[in-house]
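Inside the fold
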Amino acid sequence: MDSATLEAMRSTLRGPVIGPQDAEYDQARKIYNAMIDRRPAAIARCADAADVMAAVALIRDNGLELAVRGGGHSGPGLCLVDDGVTVDLSTMRWVRVDPSARTAQVGGGAQLGDLDHAAHAFGLATPTGIVSLTGVGGLTLGGGHGYLTRKYGLTVDNLLAADVVLADGSFVTASEADHPDLFWALRGGGGNFGIVTSFTYRLHPVDTVGVAITVWPVDRTPEVLAWYRDFLPQAPEDVYGFFTLFTIPPAPPFPEEIHGQKMCGVIGCYTGDLSRFEETFAAVREPGPPAFHFTTPMPYPVLQSAFDELIPPGYQWYWRGDFFNGIPDAAVDVHLKYGENIPTPLSLMHLYPVDAAAHRVGPDDTAWSYRDAVWSGVFAGVDPDPANAETIRRWCVDYWEELHPYSMGGSYVNFMGSGEGQERVRATYRDHYDRLAQVKRTYDPDNLFHANQNIKPAPQP
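Residues numbered from 1 in each chain as written. Predicted model: local features only at pLDDT ≥ 70, side-chain atom pairs only at ≥ 80, totals over all residues. Heavy atoms only, no water.

1. Some details on the overall build of the protein chain
To keep things clear, this is the line we draw: The secondary structure listing takes helices from DSSP runs of H or I that are at least 4 residues long and strands from runs of E that are at least 2 residues long, numbered from the N terminus. What the globule rule says is 2.2 Å times the number of residues to the power 0.38, and the radius of gyration is computed from C-alpha atoms. In this analysis, two residues are considered to be in contact whenever any of their non-hydrogen atoms come within 4.5 Å of each other. All accessible areas in this document rest on Shrake-Rupley with a 1.4 Å probe, and a residue is counted as covered only by the protein chains that are shown. The charged-residue count follows a simple rule in which Lys and Arg add positive charge and Asp and Glu add negative charge, with His and chain termini not counted at all. Working definition for charges: the position is that of NZ of Lys, CZ of Arg, CG of Asp or CD of Glu.
Assigned secondary structure in the protein chain consists of 14 helices and 18 strands. Taking 461 residues into account, the globule formula puts the C-alpha radius of gyration at 23 Å, and the protein chain, at 22 Å, falls close to it. C-alpha atoms of the protein chain, sized along the principal axes, occupy 70 × 50 × 45 Å. A fraction of 73% describes how many contacts in the protein chain between residues 6 or more apart in sequence connect residues 24 or more apart. Surface exposure of the protein chain reaches about 17,200 Å², of which carbon and sulfur atoms provide 50%. Distance between charge centroids for the protein chain: 2 Å, based on 34 positive and 56 negative side chains.

Right, dumping it as structure tokens:
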């Protein structure tokens, strides 16, 4: 970017435009994953939708590369691009709840914790992820799943409308009634179609939930995972539990005697009648006596932020994912192997349920193409020390490669790592890919929005 273009952007936008010579530049280009080190030519910290429209027009007209930052939580760092412009929505961090309509309109730079906090004041919530520092934008556009998914579906199943700045700089509101093809694509198609400056969600009655944390020594993985794969899909929809392989952190509620031990476990959330919570989660003792079992009622936003301090921004991350509709014995053996060899204290594996309410949405109703999946798995190497970056990446890739033959072939798009290639994008969208490419041709024919898990525009007929 030449100095004249930089100054034109600064004079046009209300929000600050930060360049490499500015004192705040290095802080502004930091994102959640410290493994990513990219140097944009400018970071346009947009104040509102008008700023986004102006920024897109300037970037397009000057032939610059464009990336979009919401919460900055992208594992492969898709919110930054070398020598281009990051359209930074982080100051557009607001939530407006309508308790009567049970809806929330949320700014494109908001984080999950902002939505959880605002909705909780009215005893309401909507399904999102499990780390409150995650941006609503990237999570929603990829599909979104978490503790409320078995009860209320995916995040995109609760999306009612989206305000979008398109590649030509224009502004539209997409919903079932307006721009329905765009609205379909936004619900799982990632950031391929425009910059969403606000989302409108349906909310549900959620206040205090039951939380259960149960762990066993990692060598008990075969019997625990065999029990879990049968129990969870048959459980009532108020019951949610993800299976995990991890190292016990030196923090509450875990007792000191198990700190630092490799464990398998189930992290549960119960949205039903709390008088039945203990009785319902007593089933977790069926695989045998756990090393630790903890239950408590908890305000939903507290559960949502429970992992925040363990994995704060600024650590090294590498992750990959896959969808699964079953967990055969051979896959259990793979989980045991890599669980016993977790390379660093924060590296982990999670299997998140995406069944129940998520299965009641038609397979073609949204761009999310794995309505037949039962679990969304993520393999994450995590460590604060850059010297361990290759170690955690290798563990993650090896684990994924050995387990991939037992998967459904594709991944939750937000769990795709860097460098996985175009075939993995196609595998993620399966039969929906061609339709998404047609929507892309309509709304972004020149592929301006390509700093993502990219869907290329379909050729002109």
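2. Focus on the packing of aromatic side chains
Test applied: Pairing of aromatic side chains here covers Phe, Tyr and the six-membered ring of Trp, requires ring centres within 6.5 Å, and sorts the geometry by plane angle: under 30 degrees stacked, over 60 edge-to-face, intermediate tilted. To sort residues, take the accessible area from a 1.4 Å probe on protein chains only and compare it with the maximum for the residue type: under 20% means buried, over 50% means exposed, and anything in between is partly exposed. Ring-over charges, as used throughout, are those where CZ of Arg or NZ of Lys falls within 6 Å of the ring centre and within 35 degrees of the ring normal.
According to the stated counting rule, one finds 25 aromatic pairs in the structure shown. Ring centres 5.9 Å apart and planes at 15 degrees place the aromatic pair Phe 199 and Tyr 201 in the stacked group. With a centroid separation of 6.2 Å and an interplanar angle of 55 degrees, the aromatic rings of Phe 246 and Phe 254 are classed as tilted. Residue class for Phe 254 comes out buried when judged on its relative accessible area of 11%. In this arrangement the basic side chain of Arg 435 is found over the ring face of Trp 184, its NZ or CZ atom lying 3.7 Å from the centre.

3. Some remarks on empty space enclosed by the protein
What counts here: A cavity here means a set of 1 Å grid points, computed over protein atoms only, where a 1.4 Å probe fits but cannot escape. A pocket is an open set with protein on both sides within 12 Å along at least 5 of 7 lines, and lining residues have an atom within 4 Å of a point. Grid points are joined across faces, edges and corners, and a volume is the space filled by probe spheres set on the points. Residues are grouped as follows: Ala, Val, Leu, Ile, Met, Phe, Trp, Tyr, Cys and Pro are nonpolar; Asp, Glu, Lys and Arg are charged; all remaining types, including Gly, are polar.
Following the criterion strictly, the structure yields three cavities of 30 Å³ or more and no others. Lining of the largest cavity is provided by Gly 142, Gly 188, Phe 323, Trp 368, Ser 369, Tyr 370, Ser 411, Tyr 412, Val 413, Thr 428 and Tyr 429. For the lining of the largest cavity, the class distribution of residues is six nonpolar, five polar and no charged.

4. A word on unusual backbone geometry
Cis geometry marks the peptide bond from Pro 252 to Pro 253; its omega dihedral reads 5 degrees. Of note, Asp 83 is a non-glycine position whose phi angle comes to about 65 degrees, a positive value. In this structure, Asp 83 sits in the loop between strand S3 (66–69) and strand S4 (85–88). A positive phi angle is found at Arg 430, which is not glycine, with a value near 45 degrees. Relative to the elements of secondary structure, Arg 430 occurs in the loop between helix H13 (422–429) and helix H14 (433–443).

5. Side note on the sheet that holds strand S1 (residues 17–18)
This is how it is decided: Strands qualify as paired when DSSP identifies two bridges or more between them. Only the stretch in contact is used when a helix axis is fitted, and all axes are lines through C-alpha atoms; the angle between N-to-C directions ranges over 0 to 180 degrees.
Taken together, four strands build an open sheet; the order of strands is S1-S2-S4-S3 and the sheet is mixed. Looking at which strands have only one partner, the edges of the open sheet turn out to be S1 and S3. By the bridge criterion, four bridges tie strand S2 (residues 42–45) to S4 in an arrangement that is parallel. Looking across to S4, one finds that Ile 43 is bridged to Thr 86. Helix-sheet contacts for helix H3 (residues 49–61) involve S2, S3 and S4, and the interaxial angle to S4 is about 170 degrees.

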